[in-house]
Amino acid sequence: MEQLKQAIRDRGKVLSSNVLKVDTFLNHQVDVNLMAAVGQEFAHLFKNEKITKVLTIESSGIAPSFMAASTLGTPLIFARKKKSLTMNDNVFVSKVYSFTKQETNEITVSKDFLLPGDSVLIIDDFLANGQAALGLVDIVKQAGAKVAGIGIVIEKSFQDGRSKLEEAGYRVESLARVHSLENGQVTFVDELIS
Ligand code: 5GP
């Protein structure tokens, strides 16, 4: 998605050879027009999959998922990273190792919101080693529902998340695929000269 790649070039910051900071438009301040366009693109890519729910993870997954769910006409569910006081034990739980925080957290989704027979589109902001996406897949499976596909805003293609998800049989659609962050420069997979 060219508009997204341009935002990454202009407003992203390479923190190291494996971490990209995009708090100017996605992870802290939100560019609502860009995130609306991102959500519409996901809806377009998965329009034939009879999606019944969009599932993401708080907090940075919510903005890019919102317009996807709105366009597909489905509810948006976000997995919680901390169990809320109002949540009882009626929850699906999965453990996720966080790439950026380097710690394992439990994510939870109420059993009221994911049902057998649901066809679920999983969306997340970044794909690195695939732990967050696999945690969401695990929750969908616990519900007896189907993973219809996985939509990623920014994939770091030099990490192995995509191959893990594809090996597990899932369709992965990433709107920007970063080939490298070496030397403070972002290069995208589709810019490589073969
Ligand atoms: P994974 O679970 O695929 O290893 O990592 C994906 C999760 O880690 C995303 O939900 C995202 O929050 C975070 N993450 C991974 N890499 C980056 C990165 O380069 N920049 C930012 N801002 N978040 C990242």
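Each chain carries its own residue numbering, running from 1 in the written order of its sequence. Local features in this predicted model are restricted to residues whose pLDDT is 70 or higher, and side-chain atom pairs enter the listing and the counts only when it is 80 or higher, whereas totals over whole chains, interfaces and linings include all residues. Side-chain measures were taken over the full set of non-hydrogen atoms in the model, leaving aside hydrogen atoms and water.

In this section: the layout of surface pockets. The definitions used throughout rest on a 1 Å grid laid over the protein atoms alone, on which a cavity is an enclosed set of points accommodating a 1.4 Å probe that cannot get out and a pocket is an open set flanked by protein within 12 Å on both sides along at least five of seven lines; lining residues are those having an atom within 4 Å of a point. Grid points are joined across faces, edges and corners, and a volume is the space filled by probe spheres set on the points. Empty space within the largest pocket amounts to approximately 810 Å³. Considering the residues around the largest pocket, the lining is formed by 32 residues, among which K81, S98, T100, D125 and F126 are closest to the centre. Secondary-structure elements contributing two or more residues to the lining of the largest pocket are strand 2 (19-21), strand 5 (91-97), strand 6 (104-110), strand 7 (119-127) and helix 4 (131-142). Where helices and strands are cited, they refer to DSSP runs of H or I of at least four residues and of E of at least two residues respectively, numbered from the N terminus. Among the elements that make up the lining of the largest pocket, the one with the highest residue count is strand 7 (four residues). Charged means Asp, Glu, Lys or Arg here, nonpolar means Ala, Val, Leu, Ile, Met, Phe, Trp, Tyr, Cys or Pro, and polar covers whatever is left, Gly included. Of the residues in the lining of the largest pocket, the class split is 14 nonpolar, ten polar and eight charged.

With that settled, consider helix 4. Over its twelve residues, helix 4 extends 16 Å from the first C-alpha to the last, a length consistent with the 16 Å expected when each residue adds 1.5 Å. When a residue's accessible area, from a 1.4 Å probe over protein chains only, is under 20% of the maximum for its type it is buried; when over 50% it is exposed; and in between it is partly exposed. Taken together, the buried positions of helix 4 are occupied by A133, G135, L136, V137, I139 and V140. Two residues or fewer past helix 4, G144 is found with a positive phi of approximately 75 degrees. To estimate how far a helix should reach, multiply one less than its number of residues by 1.5 Å.

For the rest of this paragraph, the subject is the packing of helix 2 (residues 32-45) against helix 3 (residues 62-72). Every axis in this analysis is a line fitted to C-alpha atoms, fitted for helices over the stretch in contact. Angles between the N-to-C directions lie between 0 and 180 degrees. The contact between helix 2 and helix 3 brings their axes to 7 Å, and the two run at 50 degrees. The pairing of helix 2 with helix 3 is recorded here as oblique in orientation. Viewed along their axes, helix 2 and helix 3 form a crossing whose handedness is right-handed. Across from M35, A36, V38, G39, Q40, F42 and A43 in helix 2, the residues of helix 3 making contact are A63, P64, M67, A68, T71 and L72. Per-class residue counts for the contact of helix 2 with helix 3 are ten nonpolar, three polar and no charged. Angles below 35 degrees are treated as roughly parallel, those above 145 as roughly antiparallel, those between 65 and 115 as roughly perpendicular, and all remaining angles as oblique. Helix crossings get a hand from a simple test, with the near helix turned counterclockwise from the far one by less than a right angle marking a left-handed crossing and a clockwise turn marking a right-handed one. Pairs of residues are marked as contacts when any of their non-hydrogen atoms sit within 4.5 Å.

Our focus in this paragraph is the nonpolar core. Buried Ala, Val, Leu, Ile, Met, Phe, Trp, Tyr and Cys residues form a nonpolar core when they are joined through side-chain atoms within 4.5 Å. Among the nonpolar cores identified, the biggest contains 28 residues, and L4, I8, L20, F25 and I154 are the most heavily contacted of them. Looking at this core, the elements with two or more residues in it are helix 1 (2-11), helix 2, helix 3, strand 7, strand 8 (146-156) and strand 9 (172-180). Counting residues per element, this core draws most heavily on helix 2, at four residues. Sequence-distant contacts of L4, that is, excluding residues within four places in its chain, are made with F25, L34, V153, L175 and A176. Counting residues in each nonpolar core, the second largest holds 25 residues, with F92, L127, V140 and A145 among its members.

Mapped onto the present numbering, the UniProt feature "binding site: 5-phospho-alpha-D-ribose 1-diphosphate" (unreviewed entry) falls at A128, N129, G130, Q131 and A132. Put simply, the named residues that line the largest pocket are A128, N129, G130, Q131 and A132. Among the structural elements, A128 can be located in the loop between strand 7 and helix 4. Overall, A128 belongs to the buried group, its relative accessible area being 10%. With sequence-adjacent residues up to four places away left out, A128 is seen in contact with F99, K156, Q159, D160 and G161. Judged by relative accessible area, G130 falls into the buried class, the value being 3%. UniProt positions are given in the numbering used here, feature names are shortened, and annotations may be inferred rather than shown by experiment.

What follows deals with unusual backbone geometry. The omega torsion of the bond from E58 to S59 falls at -5 degrees, within 30 degrees of zero and hence cis. Position of S59 among the secondary structure elements: in the loop between strand 3 (53-57) and helix 3. Even without being glycine, K50 reaches a positive phi, approximately 50 degrees. The exposure class assigned to K50 is exposed, which follows from its relative accessible area of 68%. Although it is not a glycine, N183 sits at a positive phi angle of roughly 55 degrees. Looking at the element boundaries, N183 is found in the loop between strand 9 and strand 10 (187-188).

Pairs can form between side chains of opposite charge once their charged atoms are near each other. Criterion for a salt bridge: a side-chain nitrogen of Lys or Arg within 4 Å of a carboxyl oxygen of Asp or Glu. Taken as a whole, this structure holds 14 salt bridges when the rule is applied. The salt bridge involving R9 is made with E191; its shortest N-O contact spans 2.9 Å. Note that R9 is positioned in helix 1 and E191 in the segment after strand 10, a separation of 182 residues in sequence. The class for R9 is partly exposed, based on a relative accessible area of 32%. E173 serves as the salt-bridge partner of R171, at 3.0 Å between the closest nitrogen and oxygen. Its relative accessible area of 30% is what places R171 among the partly exposed residues. You can call E173 partly exposed: its relative accessible area is 22%.

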